[in-house]
Amino acid sequence: MTSTAESLNAAVASRLASFAEADVIQRIWDRDPSVWGGDAGTPELADRLGWLTVGRSMAGEVAQLQPFAEEIRGEFDRVVLLGMGGSS
């Protein structure tokens, strides 16, 4: 009998192999909403891929964000980001 960890490792390896075969990473970068199943024409699927380029778009905001960061750095020593994701 295999252990739970061995079963999990096998399941993860199998899923990763199927992702590679389906070229999932490239399809995500190509903003292909069909990666998540359903109708590829559903706007909600395509609209939720903005995180792919958020770093590039926020780079132009650094000059405006830096003073704010300096201001709160003296008031806080931790920041917690909470999020549920999806349409929740």
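Everything numeric in this text was worked out from a predicted model, so none of it was measured.

Rules of the game
For every chain, the first residue of the written sequence is number 1, and numbering continues from 1 onward in sequence order. Confidence filtering applies because this is a predicted model: local features only for residues at pLDDT of at least 70, side-chain atom pairs given and counted only at 80 or more, and all residues used for totals across whole chains, interfaces and linings. As a rule here, side-chain values come from all non-hydrogen atoms in the structure, and water together with hydrogens is ignored. Helix and strand definitions follow DSSP, with helices as H or I runs of at least four residues and strands as E runs of at least two, each counted in order from the N terminus. Only protein chains enter the calculation, and the probe is 1.4 Å; a residue is then buried if its accessible area is under 20% of its type maximum, exposed if over 50%, and partly exposed in between. Note that accessible areas follow from Shrake-Rupley with a 1.4 Å probe, and for residues the cover is restricted to the protein chains shown. Here the expected length of a helix is defined as 1.5 Å per residue gap, with one fewer gap than residues. Each residue carries a pLDDT score, the predictor's confidence in it, ranging from 0 to 100. A patch consists of residues exposed above 30% relative accessible area that lack any salt bridge, with like charges linked at up to 9 Å and nonpolar side chains (Val, Leu, Ile, Met, Phe, Trp, Tyr) linked at up to 5 Å. What makes a salt bridge here is a side-chain nitrogen of Lys or Arg within 4 Å of a carboxyl oxygen of Asp or Glu, nothing more.

Asker: How would you sum up the overall build of the protein? Please name residues and give values.
Answerer: Helices and strands together make up the secondary structure of the protein, namely five helices and zero strands. Ordering the α and β elements of the protein from the N terminus gives α-α-α-α-α. A buried classification covers 6% of the 88 residues belonging to the protein. Of the roughly 7600 Å² of accessible surface on the protein, a fraction of 59% belongs to carbon and sulfur atoms.

Asker: Lay out helix H1 (residues 4-21) in plain terms, naming residues and giving numbers.
Answerer: With 18 residues, H1 should reach 26 Å at 1.5 Å per residue; the first-to-last C-alpha distance of 26 Å fits that figure. Downstream of H1 by one or two residues, aspartate 23 has phi in the positive range, about 55 degrees.

Asker: Provide a residue-level description of the confidence of the model for the protein, including the pertinent values.
Answerer: In the predicted model, the protein carries a mean pLDDT of 85, and the fraction of residues at 70 or more is 89%. Per-element mean pLDDT across the protein ranges from 72 in helix H3 (residues 43-47) up to 94 in H1.

Asker: Tell me about unusual backbone geometry, residues and numbers included.
Answerer: The backbone of aspartate 23 sits at a positive phi, close to 55 degrees, despite the residue not being glycine. Along the chain, aspartate 23 falls in the loop between H1 and helix H2 (24-29). Owing to a relative accessible area of 44%, aspartate 23 belongs among the partly exposed residues under this scheme. The phi angle at arginine 31 is positive, at roughly 60 degrees, despite the residue not being glycine. Turning to its location among the elements, arginine 31 is positioned in the loop between H2 and H3.

Asker: Tell me about a nonpolar patch on the surface, residues and numbers included.
Answerer: Among the surface-exposed residues, Leu8, Val12, Leu16 and Phe19 lie close enough to one another that they form a single nonpolar patch of about 380 Å² accessible area. Here phenylalanine 19 is to be found in helix H1.

Asker: Tell me about the pattern of salt bridges, and please be specific about residues and values.
Answerer: Pairs may arise between side chains of opposite charge once their charged atoms sit close together. A complete count under the given rule lists three salt bridges for this structure. Salt-bridge contacts for arginine 73 lead to glutamate 70; the nearest nitrogen and oxygen are separated by 2.7 Å. Linking arginine 73 with glutamate 70, this pair stays in helix H5 (residues 62-73), spanning three residues, or about one helical turn. With a shortest N-O distance of 3.1 Å, arginine 78 and aspartate 77 are connected by a salt bridge.

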